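Listed here are the chains, written in short residue letters.
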Amino acid sequence: MKLFFAPQTRAVSSRWALEELAVPHELVQLKFPEELVHPELRAANPLGQVPTLVDGDQVVTESSAIALYLADRFPAAGLAPAQDRRHEYYQWAFFVGAAMEPHLLEYFLQTVRFSEAERDSARAASAKEKFERVLQIVNHHLADRQYLLGDQFSMVDVILGSLLGWASMLKLLDGFEHVGAYYKRIYSRPAFQKAAA
Ligand SMILES: N[C@@H](CCC(=O)N[C@@H](CS)C(=O)NCC(=O)O)C(=O)O
């Protein structure tokens, strides 16, 4: 199994998933963005994006899809729940990607990535407000749970945790008590420490 990876990108999530599962893998470390022209990466994923996972003749792109694929591929680790909890598991995976990430990305672009001249403070403020609104839902959910699905860590915690790492760098977790406690809990996991090193 081979993971095309660059530090401090969404690929950390896929590396974290591999480490949680203790899957032997080859890590193709690329400098972001200049080395994304790597021919083998381009052949596997025409967008040339990281993460891209190659597992034999299977190519998996999209960080959340990679995490869910790996949890199913290695079921003995117990990171994918039984069928009766699958709807919650998938709901959270989509919630992170569809309801949370667009606002976080917009805030990042408007406050960090764009040049000063390109930034729009009204759009930044609106993105922050929308992100905080969905983060409040997560905060409420985590008030009486250790992890998204209850007492047991699962692969959706890798998916949410990866996004929270990004949000934390942008100082967007302040004031969200239960999210903050959860974030500390999952970031102390050795698999994450290794993936983010
Ligand atoms: N939705 C994709 C986004 C992947 C993505 O945009 N990766 C960035 C790094 S965080 C990248 O490779 N950008 C280079 C490019 O788009 O050319 C995912 O979650 O995996």
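Residues numbered from 1 in each chain as written. Predicted model: local features only at pLDDT ≥ 70, side-chain atom pairs only at ≥ 80, totals over all residues.

Some points on the site of the ligand
Piece 1. Taken together, Thr9, Arg10, Pro33, Leu36, Gly48, Gln49, Val50, Pro51, Glu62 and Ser63 make up all the residues around the ligand.
Piece 2. Grouping the constituent residues of the shell around the ligand by class yields 4 nonpolar, 4 polar and 2 charged. (Near = placed C-beta within 6 Å. Nonpolar A, V, L, I, M, F, W, Y, C, P; charged D, E, K, R; others polar.)

Describing the packing of helix 1 (residues 11-21) against helix 6 (residues 155-169)
Piece 1. Helix 6 packs onto helix 1 with a crossing angle of 150° between their chain directions and a minimal axis gap of 9 Å. With respect to helix 6, the axis of helix 1 lies roughly antiparallel. Of the two possible hands of crossing, helix 1 and helix 6 adopt the one that is right-handed. Touching Val12, Ser13, Trp16, Ala17 and Glu20 of helix 1 are Met155, Val158, Ile159 and Ser162, all from helix 6.
Piece 2. Here the contact of helix 1 with helix 6 is built from residues that sort into 6 nonpolar, 2 polar and 1 charged. (Axes fitted to C-alpha atoms, helices over the stretch in contact; angles between N-to-C directions. Helix = DSSP H or I, 4+ residues; strand = E, 2+ residues; numbered from the N terminus. Parallel < 35°, antiparallel > 145°, perpendicular 65-115°, else oblique. Left-handed = near helix turned anticlockwise from the far one by under 90°. Contact = placed C-beta atoms within 7 Å.)

Here we look at the domain arrangement of the protein
Piece 1. Annotation of the protein at the domain level lists domain 1 (2-77) and domain 2 (83-189).
Piece 2. For domain 1 and domain 2, the distance between their C-alpha centres works out to 21 Å.
Piece 3. With 11 residues of domain 1 at the interface, the matching set in domain 2 holds 7 residues.
Piece 4. Elements that contribute at least two residues to the side of domain 1 that touches domain 2 include exactly helix 1 and helix 3 (63-73). (Domains from an automatic or database assignment.)

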